[in-house]
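Analysis of the macromolecular model
Each chain, written out:
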Amino acid sequence: MPNHKLFVKWNSKQLTYCQTAISIRRFPPILTDQTECDLEMPTYLDNNATTPLEPEVRDVMLRYFDVEYGNADSRTHEYGARANKAVQLAREQIAELAGADPTEVLFTSGATEANNLAILGLADHGHRSGRKHLVTTAIEHKAVLEPMRALEAHGFELSIVGVGDSGRVSSKDVLAAVREDTLLVSVMHANNETGVLQPIGEIAEGLQGHTAYFHVDAVQGFGKELEGPRHARIDMLSASAHKLFGPKGVGTLIARRRGYERPPLKPLTHGGGQERGLRPGTLPVPLIAGFGMAAAIALRDYRVRKEFCSMERRRALEALGPLEPTVIGDQSNALDHVLALGFKGVDSEALMLALRDQVAISNGSACTSARREASHVLTAMGLDPDVIEAVARFSWSHLQPPTAWEELAKQIKDLTVFA
């Protein structure tokens, strides 16, 4: 596959990008002490781990980094007022994408913090009300499973609902696990390893009339599949900007009201009183403004992105199909930009190593990839250990040219010959 080269010139005023192969929207340069550098980068197929910045998002962020750099809590002068206005606009943009009210949008450092706030923040209410039962699924991100386990260690009872080889939990099984004393149900929107969408709309409907709070970790699917996260019965929803072509370091917990009552959360940290006292600290205005713009673009360009990603999916399956890979998960309920595939006889680590100069792929969650251990998601699906060892994840986006899938297939075929 062709290498992608970028030639970078830097001066104190601006960056001038001279490309030789692809759009600069795909690979922003890495600044070095040199005035000129020649970079070679593989095709990026790990968008589930993180996404590149949309150019419009970058432009907005630079404005609040460099020109309008006020503190949003400094209400006595124009710099602070402008920063506060940018934050409020971002709340509106994110709320519109989520089908929520802007006052229900809380900013966090990312989805991990948002998940922890949604789960651990209910502990006090659970103790006071006597409702100490929790329900989640076996395929949740560790940012949900570990806070759940933490509450279990402090006297809560935890029910973990399993899944079959489809990777899609049964809404009936989730609802059957709910009891009168259930405090919280937490089910992800889309799985980060398989791309399989979970039936959160069906679960939300089934929880109508029950007092249990419903939390959705929407990180992978937020802005990529619209309807599910907008269900009014979802009490709390976590999302992160860097999975939506926005910046790293900012996320949200959308905490919807029931009538006039907000979820009875308690803060995990203290000091400052920002974000209604639930998440103190100076707001990172450039990151928040970037998140808001990313949300607005996701809504505006939803159909165009979906069309491109669907086309890439068809091309990938057509090119890789002759290799007879094991396709992981229910493909009738999956995000358009993700494929988890296992190639017979080829270990995923060996595959990634062999292809590292051509494509950037992964074999599971980026948050746990530093540890060489079997995926808890694929294990929960009941897959054969040999299949689990072979699974690699390919995830693309609209911010890149079409992938040379045919050439990639040839390289993988060469590996299978010697397997």
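Predicted model, so just to flag it, every value in this text is computed and none were measured.

Cut-offs applied
Residues numbered from 1 in each chain as written. Predicted model: local features only at pLDDT ≥ 70, side-chain atom pairs only at ≥ 80, totals over all residues. Heavy atoms only, no water. Helix = DSSP H or I, 4+ residues; strand = E, 2+ residues; numbered from the N terminus. Contact = heavy atoms within 4.5 Å. Areas by Shrake-Rupley, 256 points an atom, 1.4 Å probe, with all protein chains shown as cover. Axes fitted to C-alpha atoms, helices over the stretch in contact; angles between N-to-C directions. Left-handed = near helix turned anticlockwise from the far one by under 90°. Nonpolar A, V, L, I, M, F, W, Y, C, P; charged D, E, K, R; others polar. Salt bridge = Lys/Arg side-chain N within 4 Å of Asp/Glu carboxyl O. Pairing = 2+ DSSP bridges. Buried < 20%, exposed > 50% of the residue type's maximum accessible area, 1.4 Å probe, protein only. Parallel < 35°, antiparallel > 145°, perpendicular 65-115°, else oblique. Expected span 1.5 Å × (residues − 1). Core = buried A, V, L, I, M, F, W, Y, C linked by side-chain atoms within 4.5 Å. Phe/Tyr/Trp six-rings, centres within 6.5 Å; stacked < 30°, edge-to-face > 60°.

A closer look at the overall build of the chain
A tally of regular secondary structure across the chain gives 13 helices and 15 strands. Counted over contacts in the chain with a minimum sequence separation of 6, partners at least 24 positions apart contribute 72%. Surface exposure of the chain reaches about 18700 Å², of which carbon and sulfur atoms provide 52%.

A few points about the packing of helix H2 (residues 78-98) against helix H8 (residues 285-300)
Here H2 crosses H8 at 35 degrees, and the two axes come no closer than 8 Å. Every pair of crossing elements has a handedness; the one defined by H2 and H8 is left-handed. Of the residues in H8, those in contact with Ala 83, Ala 86, Val 87, Ala 90, Gln 93, Ile 94, Glu 96 and Leu 97 of H2 are Val 285, Ile 288, Ala 289, Phe 291, Gly 292, Met 293, Ala 295, Ala 296, Ala 298 and Leu 299. Taken together, the residues of the contact of H2 with H8 sort by class into 15 nonpolar, two polar and one charged.

Some remarks on the pattern of salt bridges
Using the criterion set out here, one finds 20 salt bridges in the structure. Where Arg 279 meets Glu 113, a salt bridge forms, and the shortest distance between an N and an O atom there is 2.8 Å. In this pair, Arg 279 is assigned in the loop between strand E11 (251-255) and H8 and Glu 113 in helix H3 (residues 111-120), connecting sequence segments 166 residues apart. Asp 301 serves as the salt-bridge partner of Arg 300, at 2.8 Å between the closest nitrogen and oxygen. A single salt-bridge network, built from bridges that share partners, covers Arg 63, Glu 68, Glu 78 and Arg 82.

Some remarks on the sheet that holds strand E13 (residues 338-342)
Judged by pairing direction, the sheet is antiparallel, and its three strands sit side by side in the order E12-E13-E15 without closing on themselves. At either margin of the open sheet sits one strand with a lone partner, and together these are strand E12 (326-327) and strand E15 (391-395).

Observations concerning the pairing of strand E10 (residues 236-240)
Burial runs high along E10: five of the five residues are buried. Taking every second residue as pointing to the same face, both faces of E10 are buried, with Met 236, Ser 238 and Ser 240 on one and Leu 237 and Ala 239 on the other. Relative to E11, E10 is paired through five bridges, and the arrangement is antiparallel. Its bridge partner lying in E11, Leu 237 is registered against Ile 254.

Some thoughts on the sheet that holds strand E5 (residues 105-108)
The strand order across the open sheet built from seven strands is E5-E11-E10-E9-E8-E6-E7, with neighbouring strands paired in mixed fashion. The open sheet has two edge strands with one neighbour each: E5 and strand E7 (157-161). When strand polarity is set aside, the average angle formed by the axes of neighbouring strands in this sheet is 20 degrees. Direction of pairing for strand E8 (residues 182-186) relative to strand E9 (residues 213-217): parallel, over a ladder of three bridges. Each bridged residue has a counterpart across the sheet, and for Ser 186 the counterpart in E9 is His 215.

Some points on the packing of helix H1 (residues 55-66) against H8
Contact pair H1 / H8: the axes reach a minimum separation of 8 Å and the direction vectors enclose 155 degrees. For the element pair H1 / H8, the angle class is roughly antiparallel. As H1 runs across H8, the sense of the crossing is right-handed. On H8, the residues touching Glu 56, Val 57, Val 60, Met 61, Tyr 64 and Phe 65 of H1 are Val 285, Pro 286, Leu 287, Ala 289, Gly 290, Met 293, Ala 294, Ile 297 and Arg 300. Residues of the contact of H1 with H8, tallied by class, amount to 12 nonpolar, one polar and two charged.

Thoughts on helix H9 (residues 302-320)
For H9, built from 19 residues, the straight-helix expectation of 27 Å at 1.5 Å per residue is met to within 8% by its first-to-last C-alpha distance of 27 Å. Every buried residue of H9 is accounted for by Tyr 302, Arg 305, Phe 308, Cys 309, Ser 310, Glu 312, Arg 313, Ala 316, Ala 319 and Leu 320.

A look at the nonpolar core
By size, the foremost hydrophobic cluster in this structure holds 63 residues, and its most contacted members are Phe 107, Val 185, Phe 214 and Phe 222. Beyond its immediate stretch of four places on either side in the chain, Val 185 contacts Val 135, Val 174, Val 178, Leu 207, Ala 212, Tyr 213, Phe 214 and His 215. One finds Leu 45, Phe 343, Val 346 and Phe 394 within the second-largest nonpolar core, a separate group that totals 22 residues.

Details of the environment of Ile 160
Turning to its location among the elements, Ile 160 is positioned in strand E7. Ignoring any residue separated from it by four or fewer positions in sequence, one finds Ile 160 in contact with Thr 136, Thr 137, Ala 138 and Arg 149.

Here's the deal with the packing of aromatic side chains
According to the stated counting rule, one finds three aromatic pairs in the structure shown. Judged by centre distance (5.6 Å) and plane angle (80 degrees), the rings of Trp 396 and Trp 405 are edge-to-face. Judged by relative accessible area, Trp 396 falls into the buried class, the value being 1%. The exposure class of Trp 405 is buried, given its relative accessible area of 0%. Through pairs of rings, three or more aromatic residues link up here, namely Phe 394, Trp 396 and Trp 405.

Observations regarding the pairing of E5
Every other side chain in a regular strand lies on the same face of the sheet, so the side chains alternate between the two faces. Burial of E5 is two-sided: the residues Val 105 and Phe 107 facing one way and the residues Leu 106 and Thr 108 facing the other way are all buried. In the sheet, E5 pairs with E11 via four bridges, with the strands oriented antiparallel. When the sheet's bridge partners are listed, Phe 107 is paired in E11 with Thr 252.

What to know about unusual backbone geometry
Of note, the phi angle at Arg 276 is positive, near 55 degrees, even though the residue is not glycine. Mapped onto the secondary structure, Arg 276 falls in the loop between E11 and H8. The class for Arg 276 is partly exposed, based on a relative accessible area of 38%. Positive phi outside glycine occurs at Glu 324, with the angle close to 55 degrees.

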